[in-house]
Amino acid sequence: MVDKILLEKLKSNFNEAFWFIKTNKVRTFLTALGIIFGVASVITMLAIGNGAEKEILAQLELVGVNNIVVTPILDEENENAEGDDENENKSESKRFSKGLDILDATSVQKNIPSIKLVSPEIILNTYVINNGKQNAVKLIGISPAFFESSNISLENGKSFSDYQIKNALPVCIVGKKLEKKLFTGESALGKQIKVKNVWLQVIGVIEEKLISDKAQENLGIRDLNEDVYIPIKTFLVRYKDRKVISDKGGNRRNRNQNGPKKRIPRGNYHQIDKLTVQVSNSNELKATAEVLSKMLKRRHNDVLDFEITIPIQLLKQQQKTKQIFNIVLIIIAGISLLIGGIGIMNIMLASVLERTKEIGIIRAIGATEEDVILQFLSESVLISVGGGVIGIIVGVIGAYVIEIVSGIETVLSINSIALSFFIAVIVGLIFGIFPAKAAANKKPIEALRSE
């Protein structure tokens, strides 16, 4: 019985509140603007944050969680071009480096126990010819560990067999985009393609991976979907082995007849272009990277002609920066909601002053303080709910507009929408309590006397 009476009271109060809001549309809308923009801001900011989180996780999948990446530093970037005394000549001869090569990969795999697998890569910018058409392509010489270290799966076909690897056979695996480009509407499996001057048989197609331009730029990731992959031995035998070329050239120096000695830059003397090292335990990443650095430096005669990076650390730093940025944005959005709440309180206080005589009448005919509080709270909650609903619509549209205009990925979630709506209702309740109590505390006789 009591519950039924309470429900009737609430229904009556909300009907009265709805009527009052309907008769004061402009003022109500202006009051709700703070809530609208606050809710819209929270939804949009959370959508941007979720999009950034999704992008970070996608990049983590691309680079591998426990990977360490070793890349060569080219001679022109690391060495001095001139020398003019015998001591420098002796020092330089002692500091000759063979460069990053297959033997480094083998030694690292053999001597560092915390390492799970090692994946060397050789990269050649070249072209592929099919049906008389020529397309630019990257030819990648890889080991069998490449697919596991890069989290790549084959969509069709099979990986390289031990026999194909050992005998340097002309076989390849192509990216999904390249298959679509070269063999529109049909499978590439079993087909022959000519990469530079060598005919290769396609034995597999990798599963397509979505790689954003930002990920390629920040992490140095190639678009794996457009590459041609061959066994690393096939690359060295049938294409190019820079180690052989650089060993012939040596670390030469040239002396002009009447001028100072000049060292001839060796260019890219590294046999491999990338070495991915996967560690068994993520807790051992930093320690393994330090051991790896010391080992490679020793093997390269103390020449630091390589760079070691841990992609997951870079991504975690990016993630931390983005989280801080998102927190700041959400705080700003929260301030908008706070301002919206203050706006509701001010308008409701003004409404209490305007309706003093009305309050006196309803109190005189038997309304209790509780009834008056419920009436004014109903109005503030309805304003908040209405502002919250409009804010949700504006926030969803805003998130899509930001994604289209700026290219920033946004991810809307039910949780963020529900959270922002819940906050809007709470703001209405909290900031509606003071005006409601101010109305309820008015004495009926004094209220009736007011003009």
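So, a few notes on the structure that sits alongside this text. (Residues numbered from 1 in each chain as written. Predicted model: local features only at pLDDT ≥ 70, side-chain atom pairs only at ≥ 80, totals over all residues. Heavy atoms only, no water.)

## Considering the overall build of the protein chain
Here is step 1: Assigned secondary structure in the protein chain consists of 17 helices and 12 strands.
Here is step 2: Counting the 451 residues in the protein chain, one finds 44% classified as buried.
Here is step 3: The contacts of the protein chain with a sequence gap of at least 6 include a subset with a gap of at least 24, amounting to 79%.
Here is step 4: Per element, the accessible surface of the protein chain, about 24,000 Å² overall, is 58% carbon and sulfur. (Helix = DSSP H or I, 4+ residues; strand = E, 2+ residues; numbered from the N terminus. Buried < 20%, exposed > 50% of the residue type's maximum accessible area, 1.4 Å probe, protein only. Contact = heavy atoms within 4.5 Å. Areas by Shrake-Rupley, 256 points an atom, 1.4 Å probe, with all protein chains shown as cover.)

## So, the side chain of Asp-305
Here is step 1: Mapped onto the secondary structure, Asp-305 falls in the loop between α12 (285–299) and β12 (306–309).
Here is step 2: At 2.8 Å, the side chain of Asp-305 forms a polar contact with the side chain of Tyr-269. (Polar contact = N/O pair within 3.5 Å; in protein donor to acceptor, adjacent residues only side chain to side chain.)

## What about the packing of aromatic side chains?
Here is step 1: Taken as a whole and judged by the stated rule, the model has 4 aromatic pairs.
Here is step 2: Seen in terms of ring centroids, Phe-235 and Tyr-239 are 5.8 Å apart; in terms of plane orientation they differ by 35°. Their pairing is tilted.
Here is step 3: Site record: aromatic cluster; members linked through ring pairs are Phe-146, Phe-147 and Tyr-229. (Phe/Tyr/Trp six-rings, centres within 6.5 Å; stacked < 30°, edge-to-face > 60°.)

## Points about α12
Here is step 1: Helix length check: α12, at 15 residues, gives a terminal C-alpha distance of 21 Å against a target of 21 Å (1.5 Å per residue), a fit within 8%.
Here is step 2: Buried within α12 we find Leu-285, Thr-288, Ala-289, Leu-292, Met-295 and Leu-296. The buried residues of α12 occupy one face: seen down the axis, they fall within an arc of 130°. α12 presents Lys-286, Lys-294 and Arg-298 as exposed residues on the side facing more than 90 degrees away from its buried surface.
Here is step 3: Positioned one or two residues after α12, Asn-301 has a phi angle of 60°, which is positive. (Expected span 1.5 Å × (residues − 1). Arc of directions from axis to C-beta.)

## A word on the environment of Asn-131
Here is step 1: Checked against the element boundaries, Asn-131 lands in the loop between β2 (115–130) and β3 (133–142).
Here is step 2: Expressed as a C-alpha distance, the spacing of Asn-131 and Phe-183, which sit 52 residues apart in the sequence, is 9.4 Å.

## Section: the nonpolar core
Here is step 1: If you look at the biggest cluster of nonpolar residues, it comprises 43 residues, and the most contacted ones within it are Val-108, Leu-139, Val-174, Ile-193, Leu-200, Val-228 and Tyr-239.
Here is step 2: When sequence neighbours within four positions are dropped, the list of residues in contact with Leu-139 reads Ile-122, Ile-123, Leu-124, Thr-126, Val-195, Leu-200, Val-228, Ile-230, Phe-235 and Tyr-239. (Core = buried A, V, L, I, M, F, W, Y, C linked by side-chain atoms within 4.5 Å.)

## Thoughts on the pattern of salt bridges
Here is step 1: Across all of its chains, the model carries 9 salt bridges by this definition.
Here is step 2: For Lys-98, the salt bridge identified is with Asp-101, shortest N-O distance 3.0 Å.
Here is step 3: Here Arg-299 makes a salt bridge to Asp-104, at a shortest N to O gap of 2.6 Å. Remark: Asp-104 occurs in helix α5 (residues 102–111) and Arg-299 occurs in helix α12; sequence separation between them is 195 residues.
Here is step 4: Since its relative accessible area comes to 0%, Asp-104 is described here as buried.
Here is step 5: Three or more residues joined by partner-sharing salt bridges are found here, namely Lys-98, Asp-101, Asp-104 and Arg-299. (Salt bridge = Lys/Arg side-chain N within 4 Å of Asp/Glu carboxyl O.)

## Observations regarding unusual backbone geometry
Here is step 1: The backbone of Ala-168 sits at a positive phi, close to 50°, despite the residue not being glycine.
Here is step 2: In this fold, Ala-168 is placed in the loop between α7 (162–166) and β5 (171–174).

## Quick notes on a nonpolar patch on the surface
Here is step 1: Taken together, the side chains of Val-389, Ile-393, Ile-397, Tyr-400, Val-401, Ile-404 and Val-405 present a nonpolar region at the surface, about 720 Å² in accessible area.
Here is step 2: Within the secondary structure, Ile-404 is located in helix α15 (residues 369–406). (Patch = residues over 30% accessible without salt bridge, like charges linked within 9 Å, V, L, I, M, F, W, Y side chains within 5 Å.)

## A short note on the environment of Ile-312
Here is step 1: Within the element layout of this structure, Ile-312 appears in helix α13 (residues 311–354).
Here is step 2: With relative accessibility at 7%, the residue Ile-312 sits in the buried group.
Here is step 3: Through-space distance from the C-alpha of Ile-312 to that of Ser-282 is 9.6 Å; in sequence the pair is 30 residues apart.

## Here's the deal with the side chain of Gln-278
Here is step 1: Structurally, Gln-278 can be placed in strand β11 (residues 274–279).
Here is step 2: A distance of 3.1 Å separates a polar atom in the side chain of Gln-278 from a polar atom in the side chain of Asn-67.
Here is step 3: With residues up to four places along the chain from it excluded, the contact list for Gln-278 reads Asn-66, Asn-67, Ile-115, Lys-116, Leu-117, Glu-148 and Ser-149.

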